[in-house]
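Coordinate inspection notes
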Amino acid sequence: MLFELWKHPRPVAPVFRRDGQVVVASHRLAREVLADRERFSAANALDAVVPIPTGPLRELASHRFRLPATLANNDTASHGPIRERFGEVFAPARVAALRPWLTGLVRRTVAGAAHRLRAGEAVDLDAAVSSEVPLAALARLMGLDVLLDDGAATAEVKRFSRAALELFWGDPDPARQRELAAEVGPFHAMLRGWAAESTGATRDLFDAYGEDAATAALFFLLVAGQETTSQFLTLLLHRLVVEPGLLASAPGAIVEEGLRLLPPITSWRRVALRDGEIGGVEVRAGDSVLVWLAAAGAEEGVARCPAAMVPGQRGSRRHLAFGAGAHRCLGSQLSRLEAEVVVAEFAPLLPRCEVVAAPVSDRNLSFRMPSPLVVRLRR
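The structure reproduced in this document is the subject of the present report. Quick caveat, the model's predicted, so the values are computed rather than measured. The residue count restarts for each chain, going from 1 along the sequence in the order it is written. For a predicted model such as this one, the threshold for reporting local features is a pLDDT of at least 70, and the threshold for listing and counting side-chain atom pairs is 80 or more; totals across whole chains, interfaces and linings nevertheless cover every residue. Excluding hydrogens and water, the side-chain figures rest on all heavy atoms present in the structure.

**A short note on the pairing of strand β2 (residues 21-24)**
- Accessible area is worked out with a 1.4 Å probe on protein chains only. A residue is then buried under 20% of its type maximum, exposed over 50%, and partly exposed in between. Secondary structure elements follow DSSP: runs of H or I no shorter than four residues count as helices, runs of E no shorter than two count as strands, and numbering proceeds from the N terminus. Of the two faces of β2, both are covered, the one formed by Gln-21 and Val-23 as well as the one formed by Val-22 and Val-24.
- Strands qualify as paired when DSSP identifies two bridges or more between them. The hairpin turn running from strand β1 (residues 15-18) into β2, its antiparallel successor, is two residues long, and Asp-19 in that turn takes a positive phi close to 50°.
- Relative to strand β8 (residues 288-292), β2 runs parallel, the two being bridged by four bridges. Across the sheet, the residue bridging to Val-22 is Val-289, located in β8.

Right, here's the structure in full:
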């Protein structure tokens, strides 16, 4: 069940134990766990869900793979200073300044997709839109010119990032773990080179905390950071093709409802620091606590119509798609901007499309991991 949470929109209880996890599905309690750093630590956030055996670990070690505490998995004193450095990168004013460039990029993407559709082709919107726009926007914001100038590097990031999400949050068997480690290790080595040549916040982190920390931060931002928006766009575009009437609402309202009902991260982990309880369920120090973000956003009372996608409804923004507390997603405003621009620019085209292949999610504890979304013009 836990590797396919998107199939189970209604939890069996607000808090329950399943497969070694204390699962928290209540909106109030989920927010409480995420915000309470005295009782719950983020130290396990990047730990592999399925323990990695010796062989794949050696493969990773051969590429000097390390994920020291930097952002998502950091509850040490360094978290605040590191987050502050990258907080400046994702500052609202800097994100807002991207809008003209981003709009131009998406318009060109729409024009290309429309041309192919009119020619009778079936178009994979995951590849044409979702895989391109978020990575380009993140690269521009972070000054990673190599990803703006080198299409091969962009393709590598997408391939390796999906492998990393499967290795650390998926359910691979030992043979698959070996294959994934052979992909993720070289990617991490490549990031190490980028970190050494970096400028801005990444260079500041490199100088203050060393090569491993700067590389780990890049790894998380390029893997989880852009993949979350990428996966969300695929899920949201699919919903809009299937229900084109939703496009009558404002793009911002559509995006918020999408984040509430289709969050790309379905769950996130914490580890209990001491014995206690959550919602009447006993929790012992060291227990892994799984915060079911998707269930929390669709809980009764969160929105007026919690199970229905009604853009603009009361409570629409009360979701936990970006988490809460000290580790709340740094890129939330960038993700919102990208999704709003994509919805606005694709709005005239989507009602004319029909689904050829709907996205199907892989088994994964935290990420939706949708497969391609293929569409064509209605006949």
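So that's the structure; there's more coming.
**Concerning the sheet that holds strand β9 (residues 353-357)**
- Strand order in this open sheet of three strands is β4-β10-β9, and the pairing throughout is antiparallel. Where the open sheet ends on each side, the last strands, each with one partner, are β4 (123-124) and β9.
- Pairing of β4 with strand β10 (residues 374-377) involves two bridges; the strand directions are antiparallel. When the sheet's bridge partners are listed, Val-123 is paired in β10 with Val-375.
- By definition, residues are in contact when any of their heavy atoms lie within 4.5 Å. Where helices are involved, their axes are fitted lines through C-alpha atoms of the stretch in contact, as for all axes, and angles between N-to-C directions lie from 0 to 180°. Set on the sheet, helix α5 (residues 99-118) makes contact with β4, β9 and β10; between it and β10 the angle comes to about 65°.

**Focus on the packing of helix α7 (residues 133-142) against helix α15 (residues 332-346)**
- One can describe the packing of α7 onto α15 by two numbers: an axis separation of 11 Å at closest approach and a directional angle of 135°. Between α7 and α15, the angle is such that the two are oblique. Where α7 crosses over α15, the two elements pack in a sense that is right-handed. Taking contact as the criterion, the partners of Val-133, Pro-134, Ala-137, Leu-138 and Leu-141 in α7 are, on α15, Leu-334, Glu-338 and Val-342.
- The residue classification treats Ala, Val, Leu, Ile, Met, Phe, Trp, Tyr, Cys and Pro as nonpolar and Asp, Glu, Lys and Arg as charged. All others, Gly included, are polar. Residues belonging to the contact of α7 with α15 are distributed by class as follows: seven nonpolar, no polar and one charged. If an angle is under 35 degrees, it is roughly parallel; if it is over 145, roughly antiparallel; if it lies from 65 to 115, roughly perpendicular; otherwise it is oblique. The crossing is said to be left-handed when, going from far helix to near helix, the turn is anticlockwise and less than a right angle, and right-handed when the turn is clockwise.

**Some remarks on the environment of Arg-18**
- Residue placement: Arg-18 occurs in strand β1.
- On the basis of relative accessibility, which here comes to 29%, the residue Arg-18 falls in the partly exposed class.
- When the C-alpha atoms of Arg-18 and Leu-290 are compared, they prove to be 9.6 Å apart, with 272 residues separating the residues in sequence.

**Regarding the pairing of β1**
- The sheet contact formed by β1 and β2 spans four bridges and is antiparallel. Paired with Val-15 across the strands is Val-24, a residue of β2.

**Digging into the layout of surface pockets**
- The rule is simple: put a 1 Å grid over the protein atoms alone, call a set of points where a 1.4 Å probe fits but cannot get out a cavity, call an open set with protein on both sides within 12 Å along at least five of seven lines a pocket, and count a residue as lining if it has an atom within 4 Å of a point. Grid points are joined across faces, edges and corners, and a volume is the space filled by probe spheres set on the points. Here the largest pocket defines a volume of roughly 620 Å³.
- In terms of lining, the largest pocket is formed by 29 residues, of which the most central are Trp-6, Pro-9, Leu-261, Ala-294 and Ala-298.
- Counting residues per element, the ones that place at least two in the lining of the largest pocket are α12 (211-242) and α14 (293-297).
- Among the elements that line the lining of the largest pocket, the one with the most residues is α12, at four residues.
- Here the residues of the lining of the largest pocket are counted per class, giving 18 nonpolar, four polar and seven charged.

**Structural notes on the pattern of salt bridges**
- By convention in these notes, a salt bridge is any Lys or Arg side-chain nitrogen within 4 Å of a carboxyl oxygen on Asp or Glu. Throughout the structure, instances matching the rule amount to 26 salt bridges.
- Ionic pairing is found between Glu-121 and Arg-116, a salt bridge with its closest N-O pair at 3.1 Å.
- On the accessibility criterion, Arg-116 (31% relative accessible area) is partly exposed.
- One salt bridge in this structure joins Arg-284 and Asp-275, with 3.6 Å as the shortest N-O distance.
- Note on Arg-284: relative accessible area 44%, which makes it partly exposed.
- Among the charged side chains, a salt-bridge network with shared partners connects Arg-64, Arg-66, Arg-192, Glu-211 and Asp-212.

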